[in-house]
Amino acid sequence: MNDSLQAALAVVSDSAASYADDLMEFVRIPSVSTDPEHRPDIEAAAAWVAGRLALAGVPEVRTMETPGHPVVLGRWQVDPELPTVIVYGHYDVQPPDPLELWESEPFEPELRDGKVFGRGASDDKGGVLIAIQAVEAMARAGGGDPGINVTFLIEGEEEVGSPNLPVFLDQQREILKADLAISADGGIHGVGIPSLTVGSRGLAGVQITVRGANADLHSGMYGGAVPNPLMALAKILAGMQDDQGRILVDGFHDGIPDLDAATMAAVDAIPEDERAELDHIGLKRWWGDPAYSPMARRVVRPTLEINGMWGGFQGEGIKTVLPKEAHAKVTCRLVVGQDPDAVVTALTRHVQANAPEDVEVTATPLAGKGKAYQMPLDHPVLRLAGEAMAAAYGREPFPVWTGGTVPVAEQFQSLLGTWCLYYAFGEPDNGLHAPNEFFRVGTLRTGTEATVRLLHALAQRPDDWRRVEEVA
Ligand SMILES: [Zn+2]
């Protein structure tokens, strides 16, 4: 093994005893981003991150204001010839409710069974600390600097959808120039089972309103002679999908490339106990397009789902009303190639084209749209990351996808022109966004080792991965 790697790993093993205390100090700050009352705690958490970066030796640390919560930027420019990586993470946390279900106070962290319990321990304070610890260890071992240019970008609004991040990235393009972004927010497939998240789906949706008469009407007086907005809405929605879940909205699939064999094989190789999963959700079998496996439907195929429908009488018993209006919310998870705005247009056209005569329909775009993200499975960074994780965990990682929407990776790509590698260590049982969230003390160390190995490989073998696009 390379001497400098050996030395950095030795620093990690010497320092690991203090990792849990450090995390508990960070978790003690109740940096809940949804609640304006916690604004002083947000400031305190940003200051804590800035202080921790400085302690790690990061020479240029700035807390930068945004229209919302500040971004902490820590720059370690070692040598312009070396590769530059951005490390992304967030210091804000979810609200701790429901409080009564916590075994210890969410913001008075406790160490039990080798785990630090507290809100934010896993999402994402453990992840942020791991990245800082790794850079710190490399600098200590390397005689003062980490041997690679690192820019920490730690935001305070991830749990509220990062509303100010795109503008921040756009405005700070110059100082955020990098060869790669690494997200310290995310996780692995299972406890001790490493994986690399290579893609996430996008999101787009509309709220549909159907209006008929100018008031609710008596069905005994008008029923059978006027259009019923709820029935009209039901028909519009039913026409969006066939009986096997194939989406029938014209233009919806525009731009989607065929799934290649390598992706299909990787998706189907994700170890999943399908029986246990079905038992867990109380269903007998999966549903949907038979041309794709259930896992493919869940992570790499687009969806169209009704999230809510309402209108008319919803109370106990009977009320023979003809509602004057009906509403629904429809959202779609998108895959690479789909443009959220084009999907909204396709949905709107479908709604209008399928509305019966004499009702008025509108489709209004819902907030929270985003594009899908997919790293090429053969990207050399994934190979280096896989090797680093395998060495730290003693087990090869495999690619996984999140079926959800994580706009940040796609924003790094579209605004900064860098791929975003998810390299994070949270485990599925960590209780993210739930009571009794925790992070394993052992994971603080394994994650730090894995990150040291990755950064070291990126620094030592730049020709293996840097500027791949230009070479290709
Ligand atoms: Zn997070």
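What you see is a predicted model, and the numbers here were worked out from it, not measured in a lab.

Trainee: What should I look at first to understand the overall build of the chain in this one?
Mentor: Each helix and strand in the chain was counted, giving 15 helices and 18 strands. Seen through its C-alpha atoms, the chain measures out along the principal axes to roughly 85 × 50 × 45 Å. Expressed as a percentage of its 472 residues, the buried residues of the chain come to 52%. Partitioning the contacts of the chain with sequence separation of at least 6, the portion at a separation of at least 24 is 80%.

Trainee: Help me out: how do you make sense of empty space enclosed by the protein in this one?
Mentor: Inspection of the entire model under this criterion finds four cavities of 30 Å³ or more. In this structure, the largest cavity spans a volume of roughly 70 Å³. Taken together, Val87, Gly127, Ile130, Ala131, Ile182, Ala184, Tyr423, Phe425, Thr451 and Leu455 make up the full set of residues lining the largest cavity. Breaking the lining of the largest cavity down by element, the ones donating at least two residues are α4 (121–141) and α14 (441–460). The greatest single-element share of the lining of the largest cavity, amounting to three residues, is contributed by α4.

Trainee: Just checking my understanding: could you explain the environment of alanine 184 for this structure?
Mentor: Among the structural elements, alanine 184 can be located in the loop between β7 (180–183) and β8 (195–200). Between the C-alpha atoms of alanine 184 and glutamate 157, which are 27 residues apart in sequence, the distance is 15 Å. In this view, alanine 184 contacts Val87, Tyr88, Asp124, Gly127, Ala131, Tyr423 and Ala424; residues no more than four positions away in its chain are not counted.

Trainee: Any chance you could explain the layout of surface pockets here in plain terms?
Mentor: Empty space among the atoms can be located by rolling a probe the size of a water molecule over them. The space that makes up the largest pocket amounts to roughly 1200 Å³. Lining the largest pocket are 38 residues, with Gly186, Gly187, Thr402, Val406 and Leu432 positioned closest to its centre. For the lining of the largest pocket, the secondary structure elements donating two or more residues are α4, β8, α10 (294–299), β16 (398–402) and α13 (407–416). For the lining of the largest pocket, a count of residues per class yields 15 nonpolar, 16 polar and seven charged.

Trainee: Hey, could you run me through the packing of helix α1 (residues 3–15) against α4 in this one?
Mentor: Angle between the axes and distance between the axes: these two values describe a pair of packed helices. Contact geometry of α1 with α4 gives a least axis separation of 8 Å together with a crossing angle of 120 degrees. Considering their axes alone, α1 and α4 lie oblique with respect to each other. The two elements α1 and α4 cross, and the hand of that crossing is right-handed. For the pair α1 and α4, contact is made by Ser4, Ala7, Ala8, Val11, Val12 and Ser15 and by Ala137, Met138, Arg140 and Ala141, respectively. Of the residues contributing to the contact of α1 with α4, the split by class is seven nonpolar, two polar and one charged.

Trainee: Could you clarify how one ought to interpret the sheet that holds strand β5 (residues 115–117) in this entry?
Mentor: Sheet strands pair via backbone hydrogen bonds, and the direction of the pair is either parallel or antiparallel. One open sheet accounts for three strands, arranged β4-β5-β18; its pairing is antiparallel. Across the chains shown, the open sheet's two edge strands, defined by having one partner strand only, are β4 (110–112) and β18 (438–440). Taking the axes of each pair of neighbouring strands and ignoring which way they run, one obtains an average angle of 25 degrees across the sheet. Where β4 and β5 come together, three bridges link them in antiparallel fashion. When the bridges of β5 are listed, glutamate 110 appears paired with phenylalanine 117. Where α4 meets the sheet, it contacts β5 and β18, and its direction lies at approximately 40 degrees from that of β18.

Trainee: What exactly am I supposed to notice about the sheet that holds strand β9 (residues 202–211) here?
Mentor: The strand order across the open sheet formed by four strands is β11-β13-β9-β14, and the pairing between neighbours is antiparallel. Each edge of the sheet is formed by a strand with only one pairing partner; in this case those strands are β11 (305–311) and β14 (360–365). Recorded for the sheet is a direction-independent mean angle of 15 degrees between the axes of neighbouring strands. Sheet topology note: the β9/β14 ladder contains six bridges and is antiparallel. For threonine 209, the partnering residue across the bridge sits in β14 and is threonine 362. Along the sheet face, helix α7 (residues 229–238) touches β9, β11, β13 (325–334) and β14 and points at about 15 degrees away from the line of β13. Across the face of the sheet, helix α11 (residues 340–353) comes into contact with β9, β13 and β14 while running at roughly 25 degrees to β9.

Trainee: Is there a simple way to think about the side chain of asparagine 149 in this case?
Mentor: Within the secondary structure, asparagine 149 sits in strand β6 (residues 149–155). A distance of 2.8 Å separates a polar atom in the side chain of asparagine 149 from the backbone oxygen of aspartate 79. When residues no more than four places from it in sequence are discounted, the contact partners of asparagine 149 are Trp76, Gln77, Val78, Asp79, Pro80, Leu82, Pro83, Thr84 and Val85.

Calculation criteria
- Residues numbered from 1 in each chain as written.
- Predicted model: local features only at pLDDT ≥ 70, side-chain atom pairs only at ≥ 80, totals over all residues.
- Heavy atoms only, no water.
- Helix = DSSP H or I, 4+ residues; strand = E, 2+ residues; numbered from the N terminus.
- Buried < 20%, exposed > 50% of the residue type's maximum accessible area, 1.4 Å probe, protein only.
- Contact = heavy atoms within 4.5 Å.
- 1 Å grid on protein atoms, 1.4 Å probe; cavity = no way out; pocket = protein on both sides within 12 Å on 5 of 7 lines; lining within 4 Å.
- Points joined across faces, edges and corners; volume = space filled by probe spheres on them.
- Nonpolar A, V, L, I, M, F, W, Y, C, P; charged D, E, K, R; others polar.
- Axes fitted to C-alpha atoms, helices over the stretch in contact; angles between N-to-C directions.
- Parallel < 35°, antiparallel > 145°, perpendicular 65-115°, else oblique.
- Left-handed = near helix turned anticlockwise from the far one by under 90°.
- Pairing = 2+ DSSP bridges.
- Polar contact = N/O pair within 3.5 Å; in protein donor to acceptor, adjacent residues only side chain to side chain.

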